[in-house]
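Report on the structure
One-letter residues, chain by chain:
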Amino acid sequence: MRAKMVGILTVASVVAGCGTATTAQPSPTGPGVLTLKDASPPTPGGEVGSASDEFGGATDLLSVWSKLSDTEKDVDRITKLDVNTTAKGSLYLEPKVSAWFDGFRGPFVYQELAGNIVMYARVKVQGRKTAKPRQKFSLGGLMARLPGSYAKPNWVSVTTGTADKTNQIEVKYTKDGSSKPVELPVKGAWVDLVLARVGRAAVALYKEDGGVWKVGRRWQSDLPEVLQWGMTAYTDWESYAALRKDPAKGNATQVKGTADVRMTVDFVRFLRPELPDYADPLNTASVPDEVLIKVLTPSGA
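This text gives an overview of the structure that appears in the document. Computed from a predicted model, the values in this text were never measured in an experiment. (Residues numbered from 1 in each chain as written. Predicted model: local features only at pLDDT ≥ 70, side-chain atom pairs only at ≥ 80, totals over all residues. Heavy atoms only, no water.)

1. Structural notes on the environment of Pro247
By the element assignment, Pro247 lies in helix α3 (residues 247-252). Considering only alpha carbons, one finds Pro247 and Ala151, 96 residues apart in sequence, at a separation of 9.9 Å. Not counting residues up to four positions away in its chain, the partners in contact with Pro247 are Gly103 and Phe104. (Helix = DSSP H or I, 4+ residues; strand = E, 2+ residues; numbered from the N terminus. Contact = heavy atoms within 4.5 Å.)

2. Focus: the pattern of salt bridges
Where charged atoms from two side chains of opposite charge approach closely, those side chains can pair. As enumerated under the stated definition, the model contains 13 salt bridges in all. In this structure, Arg122 engages Asp209 in a salt bridge whose closest nitrogen and oxygen atoms are separated by 3.3 Å. Highlighted residues: Arg122 in strand β5 (residues 117-126) and Asp209 in the loop between β11 (201-208) and β12 (214-220), separated in sequence by 87 residues. Note on Asp209: relative accessible area 49%, which makes it partly exposed. Overlapping salt bridges bring together Arg122, Asp192, Lys207 and Asp209 as one network. (Salt bridge = Lys/Arg side-chain N within 4 Å of Asp/Glu carboxyl O. Buried < 20%, exposed > 50% of the residue type's maximum accessible area, 1.4 Å probe, protein only.)

3. Quick look at the sheet that holds β11
The strand order across the open sheet formed by seven strands is β2-β3-β14-β5-β10-β11-β12, and the pairing between neighbours is antiparallel. This sheet does not close on itself; its edge strands, each paired only once, are β2 (78-83) and β12. Looking at each pair of strands side by side, their axes are set apart by 20° on average, direction ignored. Note that strand β3 (residues 91-95) and strand β14 (residues 262-271) share three bridges and pair antiparallel. Looking at the pairing, Tyr92 lines up with Thr264 of β14. Strands in contact with helix α4 (residues 289-296) are β5, β10 (190-198), β11 and β12; relative to β12, the strand with the most contacts, it is inclined by about 85°. (Pairing = 2+ DSSP bridges. Axes fitted to C-alpha atoms, helices over the stretch in contact; angles between N-to-C directions.)

4. Details of the packing of aromatic side chains
Aromatic ring pairs are defined here through the distance separating the ring centres and the angle between the ring planes. The tally for this structure, following the rule as stated, stands at twelve aromatic pairs. Judged by centre distance (5.3 Å) and plane angle (75°), the rings of Phe104 and Tyr240 are edge-to-face. Of this pair, Phe104 sits in the loop between β3 and β4 (109-114) while Tyr240 sits in the loop between β13 (226-234) and α3, placing them 136 residues apart in sequence. The two residues Phe104 and Tyr240 agree in class, both being buried. Among the aromatic residues, those joined into a ring-pair cluster are Trp100, Phe108, Tyr110 and Trp155. Cation over ring: Arg145 sits above Tyr150, and NZ or CZ is 5.5 Å from the ring centre. Just above the ring of Phe267 sits the side chain of Arg269; from NZ or CZ to the centre is 3.7 Å. (Phe/Tyr/Trp six-rings, centres within 6.5 Å; stacked < 30°, edge-to-face > 60°. Lys NZ or Arg CZ within 6 Å of the ring centre and 35° of its normal.)

5. Focus: the sheet that holds strand β7 (residues 155-162)
In space, the seven strands of this open sheet follow the order β1-β4-β13-β6-β7-β8-β9, with antiparallel pairing throughout. A strand with exactly one partner marks an edge of an open sheet, and here the two such strands are β1 (66-67) and β9 (178-185). When β1 meets β4, the two strands line up antiparallel, connected through two bridges. Bridge pairing in β4 links Lys67 to Val109.

6. Observations regarding the side chain of Arg218
One can find Arg218 in strand β12. What makes Arg218 buried here is its relative accessible area of 5%. Among the polar contacts made by the side chain of Arg218, one reaches the main-chain carbonyl oxygen of Val287 at a distance of 2.8 Å. (Polar contact = N/O pair within 3.5 Å; in protein donor to acceptor, adjacent residues only side chain to side chain.)

7. What to know about the pairing of β4
Of all six residues making up β4, six are buried, and the element is well covered by its neighbours. Alternating positions in β4 separate into two faces, Val109, Gln111 and Leu113 on one and Tyr110, Glu112 and Ala114 on the other, with burial throughout.

This is the structure in structure tokens:
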């Protein structure tokens, strides 16, 4: 699939450390301060906007989206995937036992896009027969992945569901096969999620139903221009047992266990973020949280 191009912004300053934000004060020779007044929300439309999907029609899902199991000949770890059928006006996904952790791979439905991207979605993750998944690390949400990264996987994600506890958001950056997950508490069934790449930063945001946007994480991103952007759901990490230290074996077969996730996605919208060259998205003094949220969430969201 041809990658859709989006304008790339350059951020000049360098912050030491991978996967962390800094509070260092801007200097006359370093990044400037972006105020809330001067910040602009991301813009829809154009090529990147055409990748958005409201899941309201009976169109062929795979005419727009790709499955990792098809494009990279991976094991198909999806039990059920449909649009506007199981859940009216939504995408519905039930994964088999699977995981996105370190070198392990799970289900992934994506579009290939290039440049600075805001991916915004509204999702609900439930157990197969319960309001919340009971199996640990049963989650669903958004992911951006380096295509073909098997030996040294690289991807970033924001998901919701049950991690080590129920009612959690998990934000996770995996660099060269090493995952660094962080869990955050969340309330309610429906959650709004944003996963974005702007300049040299990858960012995860989330909002509880009826709540306010919060920054889940800012990471220094070394990911290349073209990435796979899309939706994932996975479940029951505990069933990997002895395979947990052997991703090659775990990825080569369908692990048996108790799959316990139903994910409903109301929409996925793609937008282009706008950030002045003087602003450093990894520096909270240059781009405070409330400003970053404005830059990466649609007006009125």
